[in-house]
4 protein chains.
Amino acid sequence: MSLQRQLKYAVLGIGRMGSRHAQNIAFRTPRAELVAVCDINQSSLEWAKENLPPGVKTFQNADKCLDEAGKHVLLEKPISIDLETSRQVVEETKKYPGLKVMVGFSRRFDESYREVKKMINAGTLGTPHLIKSATNDQHDSSGFFVKYAAASGGIFIDCGIHDIDLARWFLLPSSPDIKQVKRVFALGHNIQHPELAKYNDVDNGVGVVEFENGGILVIHCSRTMKHGHDCFTEVFGTEGKVIVNGNPQLNRVEIRDQYGVRTESTPTYYERFREAFVNEVNEFTDIVLDNKPLPVFCVDALEAAKIAAALAHSFKTNNPVYFDEKGEPLLL
Amino acid sequence: MSLQRQLKYAVLGIGRMGSRHAQNIAFRTPRAELVAVCDINQSSLEWAKENLPPGVKTFQNADKCLDEAGKHVLLEKPISIDLETSRQVVEETKKYPGLKVMVGFSRRFDESYREVKKMINAGTLGTPHLIKSATNDQHDSSGFFVKYAAASGGIFIDCGIHDIDLARWFLLPSSPDIKQVKRVFALGHNIQHPELAKYNDVDNGVGVVEFENGGILVIHCSRTMKHGHDCFTEVFGTEGKVIVNGNPQLNRVEIRDQYGVRTESTPTYYERFREAFVNEVNEFTDIVLDNKPLPVFCVDALEAAKIAAALAHSFKTNNPVYFDEKGEPLLL
Amino acid sequence: MSLQRQLKYAVLGIGRMGSRHAQNIAFRTPRAELVAVCDINQSSLEWAKENLPPGVKTFQNADKCLDEAGKHVLLEKPISIDLETSRQVVEETKKYPGLKVMVGFSRRFDESYREVKKMINAGTLGTPHLIKSATNDQHDSSGFFVKYAAASGGIFIDCGIHDIDLARWFLLPSSPDIKQVKRVFALGHNIQHPELAKYNDVDNGVGVVEFENGGILVIHCSRTMKHGHDCFTEVFGTEGKVIVNGNPQLNRVEIRDQYGVRTESTPTYYERFREAFVNEVNEFTDIVLDNKPLPVFCVDALEAAKIAAALAHSFKTNNPVYFDEKGEPLLL
Amino acid sequence: MSLQRQLKYAVLGIGRMGSRHAQNIAFRTPRAELVAVCDINQSSLEWAKENLPPGVKTFQNADKCLDEAGKHVLLEKPISIDLETSRQVVEETKKYPGLKVMVGFSRRFDESYREVKKMINAGTLGTPHLIKSATNDQHDSSGFFVKYAAASGGIFIDCGIHDIDLARWFLLPSSPDIKQVKRVFALGHNIQHPELAKYNDVDNGVGVVEFENGGILVIHCSRTMKHGHDCFTEVFGTEGKVIVNGNPQLNRVEIRDQYGVRTESTPTYYERFREAFVNEVNEFTDIVLDNKPLPVFCVDALEAAKIAAALAHSFKTNNPVYFDEKGEPLLL
């Protein structure tokens with residue numbers, strides 16, 4: 001690793017999560033240099049002036065910020081909540097084989113999920129065959145979440161995409177055949193947010209995915225936890241099972257008082273994956289500067305999005321959704 | 001409670017589980033007295049001579065053992081692996097309103113599940129709406145299990161019936177309307193026991209049940225655990241969730257050595273539910289002697305069996321199975 | 001094991017703990033038969049009439065109850081809070097080598113502590129060399145405890161005797177040389193119960209014991225826990241350490257709500273050791289009926305009491321207390 | 001917080017821990033800039049050339065590196081293994097009231113211990129009165145540790161200093177009176193490393209400290225763990241107790257296989273306190289740049305060192321060590 005060269009980053013969109021990425025790139029990732037940020041909101045740019053290093057340029061116009069074509073790209077998941085847009089992005093990237101385009105599936109950069117991947121590669125778990133995964137958000141009584149839901153793509157895309165990506169990562173070979181999924185089935189209900197029904201969305205959704213190789217994924221997405229953000233993955237193999245984040249502890253403190261023996265939970269995904277976001281940038285930087293292979297591709301985001309869309313369709317239609325021989329969901 | 005009267009028990013079938021029931025009735029349940037056991041195997045009767053109190057009579061013929069009609073009955077679950085037989089038993093019991101007939105769903109007599117039921121009744125969890133439950137047996141490499149599988153009714157009936165009963169107990173009102181279930185869906189695979197395919201059975205089965213009131217059950221039945229018998233139930237309510245048996249600890253010992261920080265697991269369901277089997281007899285005895293109401297009825301076993309049969313049918317046909325307005329599964 | 005013979009028990013003293021022993025003997029221990037109970041309180045005898053089997057005789061006078069000499073004895077710990085009385089009892093038992101006299105150190109009959117003993121015997125932990133043990137009672141705001149304290153012998157005898165016995169069991173060979181202890185040191189304070197000072201007692205006491213073979217015991221006795229009764233033992237060996245009861249869970253229920261991820265604790269020692277008290281009677285019954293060797297002797301209670309007395313003395317005098325060559329504490 | 005100014009750092013000594021500090025300052029601490037490193041070993045300086053940013057100067061001579069007086073200082077603990085040297089450093093710092101001199105007691109910058117401090121300040125735990133703390137290192141079979149032990153100052157200083165500092169932080173008021181400690185007592189043994197005896201050192205040491213305000217600390221330092229680095233602190237208050245790092249988990253992965261239900265442990269203190277070392281630099285940087293008050297002083301390191309020295313002396317002499325009215329241990 002040489003420190004002589006640093007990779008220059010521009011961050012497009014510095015809202016809730018983008019501002020954290022910008023700070024990580026500015027301060028916590030040695031080979032990455034933040035040179036510009038862009039946001040249509042003036043208030044975000046003012047935040048940038050105060051919280052980012054003095055030399056960082058600010059733009060309100062993304063085209064001006066990028067100014068020329070031919071940049072490597074680190075994309076947030078999902079590429080788009082619309083399957084066709086995602087598909088076009090994937091097609092577009094194929095035209096630029098010299099550029100690195102990576103999707104930031106944060107869990108793939110989390111040390112615990114990585115440890116599981118290592119165990120699978122090493123054979124410690126035998127053949128992994130079943131995954132039960134949950135992304136359960138803390139209940140938001142402020143009303144913000146419901147407004148956000150309209151544009152989120154629905155619970156299976158917004159929450160479930162990570163669980164789906166994990167299942168593909170753990171259960172499928174690295175170059176899967178064109179048809180990866182046999183079928184999916186989903187159901188759900190609104191226990192706290194009946195107003196989601198108008199978006200065909202739910203606050204608790206359950207889905208099952210049967211992969212073509214026989215592997216099974218069970219997911220549960222929820223917006224109604226009282227104790228915090230609780231995302232939990234079980235991977236069953238023939239030689240053992242592993243659980244990631246069985247207890248979503250905020251820290252290493254256990255309290256014993258009139259409420260029992262207890263721990264505090266991470267309130268949001270951010271406390272849970274804080275370090276993963278840093279790892280993600282560090283790794284992408286190395287990939288570009290040292291011309292290393294990508295660990296996750298745009299097409300992975302597209303394939304995960306297909307499954308999420310199929311689950312949403314199954315929920316809407318009350319029927320299983322099958323995939324055709326080309327690997328496309330039959331959204332009839 | 002008076003100790004002046006004891007309830008006399010005859011145990012029919014003293015194989016693996018029956019012998020334990022006989023010992024519990026003989027030695028661990030103050031108001032219950034074991035007076036007879038019956039088994040077609042001579043070796044079981046010899047075991048009885050050596051291990052049960054001297055006065056206990058032994059029979060090889062069940063009719064002789066019972067000798068007259070009109071007994072209260074504590075039944076093992078499931079009533080039968082055949083739905084029609086179960087239905088006939090339920091019909092038969094209706095003819096004898098003066099007799100107590102209870103199905104021994106052991107988990108309903110376990111102190112931890114009871115604590116959950118109490119919390120639900122007290123409103124501590126708010127509205128319970130979703131249950132994720134797993135009955136995962138330790139992998140049996142002896143070959144015994146596969147032989148047993150042929151007569152077990154399949155994984156959804158043999159393992160899943162308990163999870164289904166819990167879901168009905170926790171999610172449904174005590175006198176549900178005739179139609180309780182909307183639909184079920186199931187899938188599964190054989191990862192260790194391909195020979196189960198010939199019985200239309202699997203070693204890992206996943207099912208979802210959507211109740212008419214909107215409640216959802218997700219179950220996972222497995223025969224392939226390496227660490228022990230692991231049965232795990234999560235109950236999600238609007239005010240909190242509870243987990244029963246998150247770690248299937250055998251005892252209160254934690255070891256810290258070259259394998260990490262670890263606990264030993266219960267090898268079978270018996271170590272897990274040892275005390276529940278005693279509670280079950282104590283409670284049934286009180287019900288009969290003190291003429292108390294039954295906490296669980298024959299019809300509960302029938303309703304659970306319908307759901308299990310629907311799951312098995314869904315697995316076989318690859319389609320969701322719906323229930324009709326009379327509450328019967330449409331096994332088309 | 002033959003069921004033809006049962007061992008007849010008389011229970012002397014059926015107050016708080018004695019009544020539980022009586023019920024265990026009456027109802028939960030197959031080879032033991034309860035024939036009589038004795039208590040100076042009439043109300044206890046009335047309780048017995050209602051809660052014990054009809055044939056059990058009741059006595060207010062212990063001599064009449066025993067009516068003749070030559071009984072086997074299962075003693076509660078400590079034999080006496082007075083060292084000299086304990087010593088006389090031990091001397092007296094030596095005159096009756098044909099009688100079984102066992103001290104009911106309940107932890108020795110608990111399945112978890114037994115598992116640790118097995119591991120030590122099997123060499124799994126290597127050489128055990130250090131024990132850290134805590135007996136921490138739930139804070140009693142009713143005032144009962146302080147009244148009781150006057151006659152309890154002090155915290156090191158009342159709470160600590162079990163931890164001391166465990167340390168002797170785990171660290172010393174089964175037939176230790178006459179001098180087992182090198183020295184002890186103790187300190188403590190009253191954080192909730194200043195009124196204990198008048199009995200030279202504390203509500204939190206800490207002690208260290210250095211055994212002649214180099215083994216070390218650290219104990220912490222407390223009366224001031226908010227969450228429940230928490231007794232916790234760590235055994236350090238050269239190949240690993242074990243912890244017994246790291247989390248004093250009441251049952252297998254974990255709650256996740258606004259207070260975090262939490263479990264309820266055992267309120268008293270009784271919920272923690274319920275089964276151990278049954279095991280204790282079963283085992284003593286077998287020992288007498290089948291003439292088996294005793295697993296724990298009167299002299300073990302005496303040796304533990306010496307250590308407890310030395311700790312109490314160290315606390316009072318502010319100095320370490322040494323043991324002489326005959327194994328007697330130098331209570332100067 | 002302004003980013004216009006950065007604090008320039010020179011790191012003196014870039015061996016095992018110093019190299020990590022240098023990397024943290026170079027890459028993970030936004031307002032801190034690494035300008036120079038110094039080490040007498042040429043190989044360390046070569047490491048610096050390859051792993052630190054291009055502009056960082058390297059020195060073999062500390063005087064040249066510092067080149068002038070009047071620098072703020074962030075010191076590693078302990079200031080010195082020799083009490084008198086520590087005392088002189090503390091005296092020297094008094095001459096420069098305008099300079100910030102902080103001791104990097106890493107646990108004070110760990111988010112979990114900080115949470116405990118917050119709880120104490122908020123009164124959540126009531127009055128904290130007793131601390132049981134353990135710093136237990138993984139057994140090192142390479143022989144490195146024993147060589148290192150000669151210069152480490154002994155187990156109570158090398159391991160125990162952190163536990164002692166925590167106890168002072170949690171139990172004492174922020175400006176304690178001159179006499180803080182009443183007395184200490186220590187014992188220990190060598191179970192794996194008999195060769196330590198020649199340094200008057202042990203591989204397992206136990207100590208008790210009685211503070212003048214009645215608070216008690218029990219510490220256990222060990223070099224012989226099999227499972228990893230396990231440092232564990234219990235803080236007992238009148239309203240509850242807290243445990244920090246009850247399970248020294250390396251990550252959020254739990255494995256269930258033939259060895260039971262288990263987690264992997266942090267191998268060394270570094271994995272445990274990785275983030276605390278970053279926090280420490282960030283905080284010291286803010287203190288200097290923004291002229292904030294110091295949270296921990298040189299004198300705290302001296303006071304902790306006095307207690308550690310008293311424990312070592314108690315171990316050597318077999319007697320309690322008392323402190324005089326000026327707060328000095330009577331090392332007779």
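Residues numbered from 1 in each chain as written. Chains lettered and ligands numbered in written order. Predicted model: local features only at pLDDT ≥ 70, side-chain atom pairs only at ≥ 80, totals over all residues. Heavy atoms only, no water.

Attention shifts here to the UniProt feature "domain: Gfo/Idh/MocA-like oxidoreductase N-terminal" (unreviewed entry) in chain A. The feature "domain: Gfo/Idh/MocA-like oxidoreductase N-terminal" (unreviewed entry), as annotated in UniProt, sits at residues 7-66 of chain A in this numbering. The span residues 7-66 of chain A shows a helical share of 45% and a strand share of 27%, and its end C-alpha atoms are spaced 15 Å apart. (UniProt positions renumbered as here; feature names shortened; annotations may be inferred. Helix = DSSP H or I, 4+ residues; strand = E, 2+ residues; numbered from the N terminus.)

All names here are of chain A. When cut into domains, chain A gives domain 1 (7-106) and domain 2 (107-272 + 298-322). Each of domain 1 and domain 2 was reduced to a C-alpha centroid, and the two centroids are 26 Å apart. Facing the 19 residues of domain 1 at the interface are 23 residues of domain 2. Around 1900 Å² of area is buried between domain 1 and domain 2 when both sides are counted, 70% of it from carbon and sulfur atoms. Where domain 1 meets domain 2, there are 0 salt bridges. (Domains from an automatic or database assignment. Contact = heavy atoms within 4.5 Å. Buried area = accessible area lost by both parts, 1.4 Å probe. Salt bridge = Lys/Arg side-chain N within 4 Å of Asp/Glu carboxyl O.)

On to the interface of chain A and chain D, then. Every contact between the two is made by 41 residues of chain A and, on the other side, 41 residues of chain D. Interface of chain A and chain D: buried area, both sides summed, is about 3100 Å²; carbon and sulfur atoms make up 50% of it. For the interface between chain A and chain D, the tally reads 2 salt bridges. The closest approach of N and O atoms between R28 of chain A and E275 of chain D, which form a salt bridge, is 3.8 Å. If you look at where chain A meets chain D, you find 10 residue pairs in polar contact (both at pLDDT 80 or more). Of all the secondary structure elements, the ones that give two or more residues to the side of chain A that touches chain D are α2 (42-51), α5 (111-122), β11 (240-244), β12 (253-257) and α9 (269-289) of chain A. (Polar contact = N/O pair within 3.5 Å; in protein donor to acceptor, adjacent residues only side chain to side chain.)

Opposite the 15 residues of chain B that make contact, chain D presents 15 residues. Surface buried jointly by chain B and chain D totals about 1300 Å² across both partners, of which 51% is contributed by carbon and sulfur atoms. In terms of surface lost to chain D, no three residues of chain B exceed R256, Y259 and V261 of chain B, which account for 44% of the buried area on that side. Across the chain B-chain D interface, the total number found is 2 salt bridges. A salt bridge links D230 of chain B to R256 of chain D, with the nearest nitrogen and oxygen atoms 2.7 Å apart. Scanning the region where chain B abuts chain D turns up 8 residue pairs in polar contact (both at pLDDT 80 or more). Top contributing element to the side of chain B that touches chain D by residue count: strand β13 (residues 260-263) of chain B, with 4 residues. Of the residues belonging to the side of chain B that touches chain D, the class tally is 3 nonpolar, 7 polar and 5 charged. In this sheet, strand β13 (residues 260-265) of chain D lies alongside β13 of chain B in antiparallel orientation, the contact comprising 3 bridges. (Nonpolar A, V, L, I, M, F, W, Y, C, P; charged D, E, K, R; others polar. Pairing = 2+ DSSP bridges.)

Take the packing of helix α1 (residues 16-27) of chain A against α9 of chain A next. Residue and element names in this part refer to chain A. Two elements in contact, α1 and α9, have axes separated by 10 Å at closest approach and are oriented at 45°. Considering the angle they form, α1 stands oblique to α9. In this structure, α1 crosses over α9, and the sense of that crossing is right-handed. Judged by residue contacts, M17, R20, H21, N24 and I25 of α1 engage Y269, Y270, F277, V278, E280 and V281 from α9. Residues of the contact of α1 with α9, tallied by class, amount to 7 nonpolar, 2 polar and 2 charged. (Axes fitted to C-alpha atoms, helices over the stretch in contact; angles between N-to-C directions. Parallel < 35°, antiparallel > 145°, perpendicular 65-115°, else oblique. Left-handed = near helix turned anticlockwise from the far one by under 90°.)

All right, on to α9 of chain A then. All names here are of chain A. Relative to the 30 Å expected for 21 residues at 1.5 Å per residue, α9 spans 29 Å between its end C-alpha atoms, a close match to the ideal helical length. At E275, α9 shows its maximal kink, close to 40°. For α9, the capping residue at the N-terminal end is T268, with a side-chain oxygen 3.0 Å from the backbone nitrogen of Y270. Looking one or two places after α9, you find N291, whose phi comes out positive at around 50°. (Expected span 1.5 Å × (residues − 1). Bend = angle between axes of the 7 residues up to and from the residue.)

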